[in-house]
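# Geometric and topological summary
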Amino acid sequence: MRQDLRSFVEEYGKRYPGELVRVTEPVDLRFDLQAIALELERRRRFPILLFENVVGHDIPVICNVMASRRAFAAALGVEEAQMHSEYSRRLTEYIKPVVVQDPPFRHTIMKGDRVDLSRLPIPTYFPGDGGPYITAGMIVAKHPDTGGETEGYHRCQVKGRDRIGISLHSRRRMFEYQRLAEARGRNLEAAIVLGLHPLIGMGSLAYPPPEISKFQVVGGLFREPLQIAPCETIDLMVPAWGEIVIEGEILAGVREKEGPFGEFTGYFSRRSTEHVLMVRAICMRERPWYQSINSGRAPDHILPLGVLREVEIRNAVSRVIPNVKAVHVPTSGCAAFTAFVSIKQTRPGEAKHAIPIVFGVDHYLKLVVIVDDDVDVFDESEVLWALATRVQADRDLVVISGSLGAILDPSATEQGLTAKIGIDAARPFGQSFPEKLLMSPEKLVWAREVVDRIGG
Ligand SMILES: Cc1cc2nc3c(=O)[nH]c(=O)nc-3n(C[C@H](O)[C@H](O)[C@H](O)COP(=O)(O)O)c2cc1C
């Protein structure tokens with residue numbers, strides 16, 4: 001399988017004409033890309049956008065690559081209806097990466113005095129942002145002791161030709177690897193890779209066991225080893241088919257103001273771990289594409305983690321509760337804080353038991369609602385109906401105080417301490433409960449035909 005972004009985009013455009021839009025109109029890097037994505041979103045349109053005419057640059061910018069569930073399904077090579085089950089299954093089929101030599105990103109290498117981030121078309125997204133941000137940067141680093149690789153997206157504020165402010169606020173592997181390196185007085189070598197096949201992003205967000213590297217997860221998604229290649233100036237392997245690779249190190253013992261940035265919460269955020277990355281080299285393919293991810297609550301930004309949470313929750317809950325019907329991590333909860341899970345109850349207490357399992361999957365989750373399998377979790381009004389008619393607060397709530405949460409959640413403390421609430425909105429198991437209103441399916445088909453005829 002081709003592991004580069006271009007092949008994916010080309011095939012996607014062929015399969016879904018109209019879902020790849022080439023923009024030849026001149027666009028400015030200050031706000032134009034985000035404004036266009038916002039207008040398309042208002043029209044419920046989420047095509048991949050290739051901006052070919054960026055003022056002041058000859059490198060095109062691609063964005064919205066992971067802005068729809070359809071794109072996730074296409075990356076996995078399945079129909080949208082199979083996306084969840086395929087993603088969850090492949091997430092745990094780890095395959096080790098393979099090293100290839102002469103990756104395309106070695107075509108142009110800028111080192112030392114030649115390093116200059118302003119040569120890249122790095123956008124500023126919202127008027128309130130602290131400056132230009134690299135948003136689709138896949139940061140790769142190694143565990144200081146075991147050498148196992150991790151990769152994840154982390155916002156990068158450009159502060160000078162070779163200086164970047166970086167926020168590791170999700171406080172997962174990268175945060176821990178940097179903490180370990182710093183405790184030994186060492187900088188953490190890191191690479192920022194831009195322009196990747198969506199499966200590399202989808203694997204980077206996963207929660208594998210500690211001994212499994214994220215590259216192994218990506219291999220499982222590809223169903224073949226991820227091809228990786230050595231960097232030029234640091235001792236690190238990165239995905240071989242990246243368009244642009246920025247090599248550097250996260251400095252030990254240095255913290256510097258970073259932000260504000262229009263975050264996934266829908267707010268400008270000043271909260272940051274305030275790390276600093278010094279750039280040693282910029283490497284790129286011949287005529288590279290620069291990948292951008294729109295910021296704020298744009299689906300490009302929040303959908304990847306929302307869908308990942310859905311499949312990780314499904315996998316975790318299914319280990320204990322056999323009949324999980326569906327999981328939805330809605331964008332109304334920033335695709336991060338809220339989860340709706342429907343189950344078919346077979347034993348008393350299952351709905352309550354599912355709540356802490358869901359919280360255990362991801363520390364950002366803070367509102368979990370468990371419903372019966374007759375409720376469509378993708379229809380938020382149905383979930384609210386279940387809350388209204390099946391919940392008794394003194395019986396069905398689970399509250400956990402002072403738990404690990406998201407630093408960027410403005411209602412949490414500066415350190416990200418948060419309370420969590422779980423709601424058992426399932427009918428009491430084994431007790432009589434009124435029947436949900438249902439119309440016979442045949443009558444509904446008949447009614448559809450009649451309404452079509454009478455022009456309703
Ligand atoms: C588009 C996007 C942007 C993200 N931005 C950040 C960020 O700025 N800082 C951060 O710590 N996590 C961010 N995340 C979440 C991390 O990328 C994610 O939790 C990742 O798995 C962490 O990798 P790690 O385990 O190597 O730390 C972002 C995720 C996405 C999808």
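So, here is what we can say about the structure in this document.

The rules behind each value
- Residues numbered from 1 in each chain as written.
- Predicted model: local features only at pLDDT ≥ 70, side-chain atom pairs only at ≥ 80, totals over all residues.
- Pairing = 2+ DSSP bridges.
- Helix = DSSP H or I, 4+ residues; strand = E, 2+ residues; numbered from the N terminus.
- Near = placed C-beta within 6 Å.
- Nonpolar A, V, L, I, M, F, W, Y, C, P; charged D, E, K, R; others polar.
- Right-handed = clockwise from strand over helix to strand, strands pointing away.
- Buried ≥ 20, exposed ≤ 12 C-beta atoms within 10 Å, placed from the backbone.
- Contact = placed C-beta atoms within 7 Å.
- Axes fitted to C-alpha atoms, helices over the stretch in contact; angles between N-to-C directions.
- Expected span 1.5 Å × (residues − 1).
- Core = buried A, V, L, I, M, F, W, Y, C linked by C-beta atoms within 7 Å.
- Parallel < 35°, antiparallel > 145°, perpendicular 65-115°, else oblique.
- Left-handed = near helix turned anticlockwise from the far one by under 90°.

## Focus on the sheet that holds strand E12 (residues 227–230)
As summarised here, the arrangement of the three strands in space is E4-E12-E13, forming an open sheet in which the pairing is mixed. On the outer flanks of this sheet lie strand E4 (98–99) and strand E13 (237–239), each paired with one strand and no other. In this sheet, E12 lies alongside E4 in parallel orientation, the contact comprising two bridges. Bridged to Val-99 within E12 is Ile-228.

## A short note on the site of the ligand
Close contacts around the ligand come from 20 residues, with Gly-152, Arg-155, Ser-170, Arg-173 and Met-174 the closest. No other element matches strand E8 (residues 149–153), which puts four residues into the shell around the ligand. Here the residues of the shell around the ligand sort into eight nonpolar, eight polar and four charged.

## Considering the pairing of strand E2 (residues 48–51)
With four bridges connecting them, strand E1 (residues 20–23) and E2 associate as parallel partners. If you follow Val-21 over to E2, its bridge partner there is Leu-49. The handedness of the E1 to E2 crossover, carried by helix H2 (residues 32–42), is right-handed. For E2 and strand E3 (residues 61–63), the ladder comprises three bridges, and the chain directions are antiparallel. Bridging from a neighbouring strand, Phe-51 pairs with Val-61 of E3.

## What to know about unusual backbone geometry
Note the cis peptide between Gly-259 and Pro-260, where omega equals -5 degrees. Note that Pro-260 resides in the loop between strand E14 (244–250) and strand E15 (261–262). A positive phi angle is found at Arg-171, which is not glycine, with a value near 50 degrees. Examined against the element boundaries, Arg-171 turns out to sit in the loop between strand E10 (163–166) and helix H5 (173–183). Of the residues examined, Arg-171 has 16 C-beta atoms within 10 Å and is grouped as partly exposed.

## Let's talk about the sheet that holds E1
Strand order in the open sheet formed by four strands is E1-E2-E3-E18, and the pairing between neighbours is mixed. Strands with a single pairing partner mark the edges of an open sheet, and in this sheet they are E1 and strand E18 (290–291). Contacts from helix H1 (residues 5–15) reach E1, E2, E3 and E18 within the one sheet, and its direction differs from that of E1 by about 110 degrees.

## Remarks on helix H8 (residues 299–318)
The end-to-end C-alpha distance of H8 is 27 Å, a good match for the 28 Å that 20 residues give at a rise of 1.5 Å each. Of all 20 residues in H8, 18 are buried, a share of seventy percent or more.

## Details of the nonpolar core
Ranked by internal contacts, the top residues of the largest apolar core, which has 133 residues, are Ala-191, Val-341, Val-358, Ile-370 and Val-371. At nine residues, the largest contribution of residues to this core is made by H8. Leave out the neighbours within four places in its chain, and Val-371 touches Phe-340, Ser-342, Val-377, Val-383, Ala-386, Ala-425 and Ala-426.

## A look at the pairing of E12
Each regular strand carries side chains that alternate between the two faces of the sheet. Pairing between E12 and E13: three bridges, direction antiparallel. Within the sheet, the bridge partner assigned to Ala-229 lies in E13 and is Val-238. Where E12 folds back on E13, the antiparallel hairpin that results is connected by six residues.

## Points about the packing of helix H4 (residues 83–91) against H8
Taken N-terminus to C-terminus, the directions of H4 and H8 make an angle of 70 degrees; their axes are 9 Å apart at the nearest point. As judged from the angle between their axes, H4 and H8 are roughly perpendicular. Crossing of H4 over H8 shows right-handed handedness. On the side of H4, the interface is formed by His-84, Tyr-87, Ser-88 and Leu-91, while H8 contributes Glu-310, Val-311, Arg-314 and Asn-315.

## Let's talk about the packing of H8 against helix H9 (residues 350–361)
Where H8 contacts H9, the axes come no closer than 9 Å and their chain directions differ by 135 degrees. Of the possible angle classes, the one that applies to H8 and H9 is oblique. In the packing of H8 onto H9, the handedness of the crossing is right-handed. Of the residues in H9, those in contact with Arg-309, Glu-312, Ile-313, Ala-316 and Val-317 of H8 are Ala-354, Ile-357, Val-358, Gly-360 and Val-361.

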